[in-house]
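Chain by chain, the residues:
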Amino acid sequence: MAGKPVHEYPPDEVLAQEIRTRGLPGAMKLFKEQGYGFATASLRSHCLARGLPTRADVKPPGVKENGDGTTTVTGLAGNLSSPEALLESFGIDPEKWKIVRVRANTWGDPPQPQLRVDVVPLELLIQPPDISDWKPPPKPKKRKVSKKDEPRKVVICGDHHCPHVDETLHRLFLDFLKDEEPDEGVILGDLMDFSSISRHRRGKKIAPADVNECLRSALKVLQDYRHASPDTQWTLLPGNHDDRLDHIQIDNTPGLYDVKPGGGVDLEGNETNDALSVRALLYLDQLGIDAIFEDFNRAKYLLGKKLALRHGYLSGKNASANMLGKISRSTVQGHTHRLSLTYRTHHTIDDDGEQTETRLAAEVPCLCQIDDGLGYINGEADWQQGCLMVKTWP
């Protein structure tokens, strides 16, 4: 075959079709067989100058994990009846993956129909639990003002680390709620574990639970609490594990953090909540549960003028004593998974003589499993389980 002039190129539509199908190296091989004399670098420059593609739109058959969490599955269409059939041909279970994009093109020489499917594992997608079959109990009755000789009963618990809540302890706690019918209940945070979106490594014995598993377990816990004692007014505080849901959004998709359905207003003109917040994903409004939305190390709930409840940010066996050195009121915290009471008496001298004030720091035990320390502890976990009941007088 006689050679063609060095600077003669095929028509633009032919260049585009062959490069999209074969890629630049494959197209060059074809053009050389056809007698064209240009070099690869010249063809690339020619295509760039004319706005033509320089890369193939197709990939060889196979499975490729992408950096954004998606996986691309590519294969010859052949007798495949659907994208799901393509996934199954590579041993991928369609029930565990979400198809987000499907493309059809050709591959090879001669060209053959090809299918490319982009998928995401369902465990990486946040899916609010289904409550369509659940009927919530009436909202708690308005809190009554206690008489001077009648204390208010407040149950304090936390560190469930759902889905690693201790099921036996959970059933016993529900019986306790039915018997005591406390006026208030406060959850001190770490209701959910969220280990799959954590930066911290875990031990080998505890597999990380995906976000949806944590949400479903936590929702069931809250539903059970509401049914066990319908008139208990619950308040949920955030913990460092709960905050992981916010942190992963801020770190990876800051533009989507704080996004609200309808831009903040629904079709009836009511304000909407953050779409990916704990408040929305756990249906706290429908459950009739209050919540405090601040960073876990600043969030607190005041029980009277001199007692603050918080998740806690100090750990170690002297956590409660150290908290008394940092704040001016009595405090109750979770976080350590330990049960302790520490008292400290402060003396002052004024015109009326010596005055004393005794403050309390309490650590509330956990409601999660303690075997193997959930993979966070080296060795045996020195944790305790249970809750704290507080009685307050006006």
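Residues numbered from 1 in each chain as written. Predicted model: local features only at pLDDT ≥ 70, side-chain atom pairs only at ≥ 80, totals over all residues. Heavy atoms only, no water.

Caption draft 1: The packing of aromatic side chains, seen in detail. Inspection of the entire model under this criterion finds 7 aromatic pairs. Between the aromatic rings of tyrosine 36 and phenylalanine 38, the centroid separation amounts to 5.6 Å while the plane-to-plane angle is 40 degrees, which identifies the pairing as tilted. On the accessibility criterion, tyrosine 36 (13% relative accessible area) is buried. When the centroid spacing of 5.3 Å and the interplanar angle of 70 degrees are considered together, the rings of phenylalanine 173 and tyrosine 225 count as edge-to-face. Residue phenylalanine 173 is found in helix H4 (residues 167–180), and its partner tyrosine 225 is found in helix H5 (residues 211–228); the two are separated by 52 residues along the sequence. (Phe/Tyr/Trp six-rings, centres within 6.5 Å; stacked < 30°, edge-to-face > 60°. Buried < 20%, exposed > 50% of the residue type's maximum accessible area, 1.4 Å probe, protein only. Helix = DSSP H or I, 4+ residues; strand = E, 2+ residues; numbered from the N terminus.)

Caption draft 2: Examining the pattern of salt bridges more closely. As enumerated under the stated definition, the model contains 10 salt bridges in all. Glutamate 184 is the salt-bridge partner of arginine 152, the closest N and O atoms lying 3.5 Å from each other. Of this pair, arginine 152 sits in strand E5 (residues 152–157) while glutamate 184 sits in strand E6 (residues 184–187), and the two are 32 residues apart along the sequence. Both residues of the pair, arginine 152 and glutamate 184, count as buried. Its salt-bridge partner being aspartate 258, residue lysine 260 comes within 3.0 Å of it at the nearest N-O pair. Overall, aspartate 258 belongs to the partly exposed group, its relative accessible area being 37%. (Salt bridge = Lys/Arg side-chain N within 4 Å of Asp/Glu carboxyl O.)

Caption draft 3: Spatial organisation of the state of the cysteines. Considering all chains together, one arrives at 0 disulfides under this definition. Here cysteine 162 stays unpaired: no disulfide links it, and the sulfur of cysteine 214, its closest cysteine neighbor, is 7.8 Å away. Given a relative accessible area of 0%, cysteine 162 falls into the buried group. (Disulfide = S-S within 2.5 Å.)

Caption draft 4: Up close: helix H2 (residues 40–49). Where H2 is concerned, the buried positions are Leu43, His46 and Cys47. Looking straight down H2, one finds that the buried residues subtend no more than 95 degrees of arc, so they occupy a single side. The exposed set on the far side of H2, more than 90 degrees from its buried face, consists of Ala41, Leu48 and Ala49. Of the surrounding secondary structure, the elements contacted by the buried residues of H2 are helix H1 (12–33). Just downstream of H2, glycine 51 is the residue with a positive phi angle, here 70 degrees. (Arc of directions from axis to C-beta. Contact = heavy atoms within 4.5 Å.)

Caption draft 5: Quick peek at H4. If you check H4, its first and last C-alpha atoms are 20 Å apart, about what 14 residues at 1.5 Å a residue would give, namely 20 Å. All of the buried residues along H4 are Leu169, His170, Phe173, Leu174 and Leu177. The arc enclosing the buried residues of H4, seen along the axis, measures out at 145 degrees, which places them on a common side. Opposite its buried face, H4 presents the exposed residues Leu172 and Asp179, each directed more than 90 degrees away. As for H4, its buried residues are in contact with E5, H5 and strand E7 (233–236). Two to three positions downstream of the cap, the backbone nitrogen of threonine 168 sits 3.1 Å from a side-chain oxygen, assigning the N-cap of H4 to aspartate 166. Backbone geometry just downstream of H4 places glutamate 181 in the positive-phi region, at approximately 45 degrees. (Expected span 1.5 Å × (residues − 1). Polar contact = N/O pair within 3.5 Å; in protein donor to acceptor, adjacent residues only side chain to side chain.)

Caption draft 6: Layout of the nonpolar core. Core analysis: the largest hydrophobic core is formed by 36 residues, its most contacted members being Leu191, Met192, Tyr225, Trp234 and Leu282. Only E5, H4, H5, E7, helix H7 (278–281) and helix H8 (284–287) provide two or more residues apiece to this core. Broken down by element, this core gets its largest block of residues, 9 residues, from H5. If we skip the residues at most four places from it in the chain, methionine 192 touches His161, Cys162, Cys214, Leu215, Ala218, His241, Asp242, Val278 and Leu282. With 16 residues, the next largest nonpolar core counts Leu188, Leu303, Val332 and Val364 among its residues. (Core = buried A, V, L, I, M, F, W, Y, C linked by side-chain atoms within 4.5 Å.)

Caption draft 7: Fine view of the sheet that holds E7. A sheet is described by the order of its strands in space; here 5 strands give the open sequence E8-E7-E6-E5-E14, paired in mixed fashion. On the outer flanks of this sheet lie strand E8 (290–291) and strand E14 (388–392), each paired with one strand and no other. Across 5 bridges, the pairing between E5 and E14 is antiparallel. When the bridges of E14 are listed, lysine 153 appears paired with lysine 391. Set on the sheet, H4 makes contact with E5, E7 and E14; between it and E5 the angle comes to about 170 degrees. (Pairing = 2+ DSSP bridges. Axes fitted to C-alpha atoms, helices over the stretch in contact; angles between N-to-C directions.)

Caption draft 8: Spatial organisation of the environment of serine 340. You can see serine 340 is positioned in strand E12 (residues 340–350). Residues serine 340 and alanine 361, 21 residues apart in the sequence, show an inter-C-alpha distance of 8.1 Å. Other than its neighbours up to four places away in sequence, serine 340 contacts Ser320, Ala361, Ala362 and Glu363. Only 2.6 Å separates the side chain of serine 340 from the side chain of glutamate 363, close enough to count as a polar contact.

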